[in-house]
Amino acid sequence: MTRRIPVIEDILSANDRLADENRGRLNEARVLGLNLMASPGAGKTSLIEQTVRALTGRLRLAVIDGDIATSLDADRAAAAGATAIQINTGGECHLDAIMVQGALQQLDLAHLDLLMVENVGNLICPAAFRLGTHRNVLIASVPEGDDKPYKYPGMYRGVDVLLINKVDLLPYVAFDMARFQKGVEQLNPGVTTFALSCRTGEGLPAWLGWVEAAVADRRRARA
Ligand SMILES: Nc1nc2c(ncn2[C@@H]2O[C@H](COP(=O)(O)OP(=O)(O)OP(=O)(O)O)[C@@H](O)[C@H]2O)c(=O)[nH]1
Ligand SMILES: [Mg+2]
């Protein structure tokens, strides 16, 4: 008889150990790490671009970009002004702690305040693998539909911050905000939520304020 579940548990616990090491390195340098997760095309890189443009000069930022192939997203983050490292997963549907560990070795953490990690676009696998970052941020977007909390509960349950992006499209898309928020509330009551548009800039200041406050908390925290 095969023993499949213990193997999966071993993989996850090995990943957890590496995630703890990553967390230790970030804590030592007092760098806030954010793990940005979302469906393909929800606006992860757009949010990174907006955040980098708004906070460069106030914070020292770096980006780790996870994708199956290409350096397109890291190129966008770099063009916006961040130090950016691309991880190509070679087909894997999520980042894991060892991939992030390799990228951290290429960064001068002592001279950073904020590290944003763009995970591979999907709502399933990234939720299962801790990276060592401090906060999980989920970017939902209006065109995806209001049923996503119901269909992908694992992702919605485990996040610390929820962004609802592309609110500029609300007049054109059948997205029932009340239904969406009811689903979120059942899974993750009271989760910090910001509705915004990376296209128009609506709602971005509240997100940027949250980021700056979280960075300040991290810098005050003991290593
Ligand atoms: N209308 C509108 N379009 C947006 C908004 N944010 C992002 N987009 C567009 O959505 C598309 C996907 O945005 P990305 O930022 O590349 O999305 P992503 O989540 O990084 O995508 P992957 O990395 O491929 O998973 C682009 O065409 C963006 O211009 C928004 O607030 N409103
Ligand atoms: Mg992207």
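See the structure above.
Here the structure is a predicted model, which is why all the values come from computation and not from measurement.

Draft legend 1. Spotlight on the site of ligand 1. Lining the immediate surroundings of ligand 1 are 19 residues, of which Lys 44, Thr 45, Ser 46, Asp 168 and Cys 198 lie closest. Between ligand 1 and the protein, one listed contact pairs an oxygen atom with a side-chain N or O atom of Asp 73 at 2.9 Å. Computed on the free molecule, ligand 1 has an accessible area of 660 Å², of which 74% lies beneath the protein chains in the complex. Spatially, ligand 1 is embedded in the largest pocket. Every element with two or more residues in the shell around ligand 1 is listed here: α2 (44-55) and α3 (72-80). Broken down by element, the shell around ligand 1 gets its largest block of residues, three residues, from α2. Across the shell around ligand 1, the residue classes break down as four nonpolar, eight polar and seven charged.

Draft legend 2. Summary view of the coordination of the magnesium ion (ligand 2). For the magnesium ion (ligand 2), every protein donor is listed as Thr 45 (OG1), Asp 73 (OD) and Glu 118 (OE), and the spread of their distances is 2.1 Å. All donors of the magnesium ion (ligand 2) come from a single chain, and their spacing in sequence reads T-x27-D-x44-E. One end of the pair, Thr 45, is in helix α2; the other, Asp 73, is in helix α3, with 28 residues separating them in the sequence. Considered together, Thr 45 and Asp 73 belong to a single accessibility category, that of buried residues.

What counts, and where the lines are drawn
Residues numbered from 1 in each chain as written. Chains lettered and ligands numbered in written order. Predicted model: local features only at pLDDT ≥ 70, side-chain atom pairs only at ≥ 80, totals over all residues. Heavy atoms only, no water. Near = heavy atom within 4 Å. Polar contact = N/O pair within 3.5 Å; in protein donor to acceptor, adjacent residues only side chain to side chain. Areas by Shrake-Rupley, 256 points an atom, 1.4 Å probe, with all protein chains shown as cover. 1 Å grid on protein atoms, 1.4 Å probe; cavity = no way out; pocket = protein on both sides within 12 Å on 5 of 7 lines; lining within 4 Å. Sits in = over half its atoms within 2 Å of the grid points. Helix = DSSP H or I, 4+ residues; strand = E, 2+ residues; numbered from the N terminus. Nonpolar A, V, L, I, M, F, W, Y, C, P; charged D, E, K, R; others polar. Donors = N, O, S within 2.8 Å, 3.2 Å for Na, K, Ca; no water. Buried < 20%, exposed > 50% of the residue type's maximum accessible area, 1.4 Å probe, protein only.

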